[in-house]
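These are the residues of each chain, in order.
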Amino acid sequence: ADLFEDRAELASWRDEVHALIADTPHLDWQLLTKRPEIAAEYYRTHPIPANVWMGTSVEDRARAALRIPVLRQIPATVRFLSIEPLLEDLGDVDLTGVNWVIVGGESGRHYRVMQSEWVRPIRDQCETKGIPFFFKQWSAAHAGDNGHMLDGKEYRAFPC
């Protein structure tokens, strides 16, 4: 579930989850949302625990342009992008303030095929900027063909 979904009944649940996060400082919590604007608003009035890794989903250029700048406003220890399913070439992505990038294709029966030409520039930008890059999977078409390899190599980096 998206903790930052825009539903009134989730407001108290957010507080409960954050109490649990604060009570478990030995764990890193990866919170992923398609609604970073709601997360940013929440963290303007609530302290963000040091063990929260805050991420947002990015599927295409339009969502990258909307969500990444908002993610930068969230004072998380680790900010990450989950670029999955990658649906088009993102071009140059401003990765300022991003600590980790995950890329993956779409799975499921009606998947859309991800192109390697869309993945490589993201990997290269991460390498140039020293950002850990994690290649999760190709779209379902490559599932049996080393579905987690990019150019014959595994990319499974995490932030330190």
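These numbers were taken from a predicted model, which means no experiment stands behind them.

Criteria and cut-off values
- Along each chain, residues carry numbers from 1 onward, in the same order as the chain's sequence is written.
- Residue-level local features of this predicted model are given only where pLDDT is at least 70; pairs of side-chain atoms are given and counted only at 80 or more, and the full residue set underlies all totals for whole chains, interfaces and linings.
- The basis for every side-chain value is the complete set of non-hydrogen atoms in the structure, without hydrogens or water.
- Secondary structure elements follow DSSP: runs of H or I no shorter than four residues count as helices, runs of E no shorter than two count as strands, and numbering proceeds from the N terminus.
- Computation of the radius of gyration draws on C-alpha atoms, with the globule rule given as 2.2 Å multiplied by the number of residues to the power 0.38.
- Remark: exposure states derive from per-residue accessible area (1.4 Å probe, protein chains only) relative to the maximum for the residue type, with buried under 20%, exposed over 50%, and partly exposed in between.
- Contacts are residue-level and defined by heavy atoms, with any inter-residue pair within 4.5 Å sufficient.
- A pair is scored as a salt bridge if a Lys or Arg side-chain nitrogen falls within 4 Å of a carboxyl oxygen belonging to Asp or Glu.
- Strands were regarded as paired on the criterion that DSSP finds at least two bridges between them.
- What counts as an axis is a line fitted to C-alpha atoms, over the stretch in contact for a helix, and the angles between N-to-C directions run from 0 to 180 degrees.
- Only the six-membered ring of Trp is used, alongside the rings of Phe and Tyr, when aromatic pairs are assigned; centres must lie within 6.5 Å, and planes under 30 degrees apart are stacked while those over 60 apart are edge-to-face, with the rest tilted.
- When the strands point away from the viewer, a crossover counts as right-handed if the path from the first strand over the helix to the second runs clockwise.

Draft legend 1. Examining the overall build of the chain more closely. Scanning the chain from terminus to terminus reveals four helices and seven strands. Ordered by position from the N terminus, the helices and strands of the chain form the series α-β-α-β-α-β-β-α-β-β-β. For 160 residues, the compact-globule estimate of 2.2 N^0.38 gives 15 Å, and the C-alpha radius of gyration of the chain, at 16 Å, lies within 12% of that figure. Counting only C-alpha atoms, the chain reaches 45 × 35 × 30 Å along its principal axes. Residue burial in the chain is summarised as follows: out of 160 residues, 47% are buried.

Draft legend 2. Local environment of helix α2 (residues 36–45). P36, I38, A39, A40, Y42 and Y43 are the residues of α2 that are buried. Contacts made by the buried residues of α2 are with α1 (10–23), β1 (29–33), β2 (52–57) and α3 (61–72).

Draft legend 3. Just the pattern of salt bridges, in detail. This model, assessed by the stated rule, comprises 14 salt bridges. The closest approach of N and O atoms between E5 and R7, which form a salt bridge, is 3.3 Å. Residue E5 is classed as partly exposed on the basis of its relative accessible area, which comes to 24%. The class of R7 is partly exposed, set by a relative accessible area of 37%. The closest approach of N and O atoms between R123 and D124, which form a salt bridge, is 3.0 Å. Shared partners join several salt bridges into a network, and the residues in it are E59, D60, R63 and R67.

Draft legend 4. Quick look at the sheet that holds strand β3 (residues 78–83). Taken in spatial order, the five strands of this open sheet run β1-β2-β3-β4-β5, and their pairing is parallel. Edge positions in the open sheet fall to β1 and β5 (133–137), since each of these has one partner strand only. Within this sheet the neighbouring strands show an average axis-to-axis angle of 20°, counted without direction. In this sheet, β2 lies alongside β1 in parallel orientation, the contact comprising five bridges. Residue pairing for β2: L32 is matched across the bridge by G55. Across the sheet, α2 touches β1 and β2, and the angle it forms with β2 is around 150°.

Draft legend 5. Expanded view of the packing of aromatic side chains. All chains considered together, the criterion is met by ten aromatic pairs. Ring centres of W53 and W100 lie 5.7 Å apart, and the angle between their planes is 85°; this geometry places the pair in the edge-to-face category. Of this pair, W53 sits in strand β2 while W100 sits in strand β4 (residues 100–104), and the two are 47 residues apart along the sequence. Exposure class is identical for W53 and W100. Each is buried. Here F133 and Y155 contribute two aromatic rings whose centre-to-centre distance is 5.6 Å and whose plane-to-plane angle is 75°, an arrangement assigned as edge-to-face.

Draft legend 6. Inspection of the pairing of β4 at higher detail. Counting buried positions along β4 yields five of five residues, so the element is predominantly enclosed. Neither face of β4 is left uncovered, since the one carrying W100, I102 and G104 and the one carrying V101 and V103 both have all their residues buried. Of the pairings in the sheet, the one linking β4 to β5 comprises four bridges and is parallel in character. Bridge pairing links I102 to F134 in β5. In the classification by handedness, the crossover that spans β4, the intervening helix α4 (residues 116–129) and the parallel β5 is right-handed.

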